[in-house]
Amino acid sequence: LVNVANLVFQALRDLWDRLDPRDLLGHGVKLDPGANQDLEENLDHKDRQVKYYKKKISFLLKATKYQTLINKLNRQALLVTNLSKLNYLFSLKQALKTKENSIKTTKNAIEVGVKNGKIPEFQLLRLNDALNEIKAQINDLDTQIAKTKSDIYTLTLTKINKPIKFQSFNVNSGEFIL
């Protein structure tokens, strides 16, 4: 999209450079041989037309430039959002893995108690259910991580396999574009 905007910008700039009042003679307003218009009045009219079109093209060039900037800022914001989401998903997955390991450790201890007959078997079943639920959550997170990685790749053509650290900084109010 940015490349298309740059091409349009360049085409408008080329058109701007080539405009000349004499180029419009014979286009637009036609000379009526029976009318009392002399060539100088017609050239003045054509000159006003060229100035109008140059002003219009200048406006379009500025609008294209600002639209390109807006598109770039939108893509940057989308990238930051996706990177933040990916970092969150990686952290959440790590927390679930830690919880899974903790439950596995508890499960191993309870299995010994169940074998000795000191702990009822339903305690073990509850832990198995909890482990299955955590595995399902991790699988769901893996799907979300893959989608977010794909979105980041679409924006940057860069593959990411680990969390990205952001560098924090202070933004002064004068640094905003508005």
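The notes below deal with the structure included here. Computed from a prediction, not measured in an experiment: that's the story for all the values here. (Residues numbered from 1 in each chain as written. Predicted model: local features only at pLDDT ≥ 70, side-chain atom pairs only at ≥ 80, totals over all residues. Heavy atoms only, no water.)

### Regarding the pattern of salt bridges
In the structure shown here, the tally under the stated rule is three salt bridges. Between Lys104 and Glu100 there is a salt bridge, with the nearest N and O atoms lying 4.0 Å from each other. With Lys104 and Glu100 both in helix H2 (residues 39-116) and four residues apart, the pair spans about one turn of that helix. Taking the relative accessible area as the measure of exposure, Glu100 reaches 7% and is therefore buried. The residue Lys147 makes a salt bridge to Asp151 at a minimum N-O spacing of 3.1 Å. Of the two residues, Lys147 and Asp151 are both situated in helix H3 (residues 121-156); the distance of four residues between them amounts to about one turn of the helix. Residue class for Asp151 comes out partly exposed when judged on its relative accessible area of 24%. (Salt bridge = Lys/Arg side-chain N within 4 Å of Asp/Glu carboxyl O. Helix = DSSP H or I, 4+ residues; strand = E, 2+ residues; numbered from the N terminus. Buried < 20%, exposed > 50% of the residue type's maximum accessible area, 1.4 Å probe, protein only.)

### A word on the packing of aromatic side chains
Under the definition given, this model contains one aromatic pair. Judged by centre distance (5.3 Å) and plane angle (65°), the rings of Tyr52 and Tyr53 are edge-to-face. Residue classification places Tyr52 among the partly exposed residues on the basis of a relative accessible area of 47%. Taking relative accessible area as the criterion, Tyr53 reaches 38% and is therefore assigned partly exposed. (Phe/Tyr/Trp six-rings, centres within 6.5 Å; stacked < 30°, edge-to-face > 60°.)

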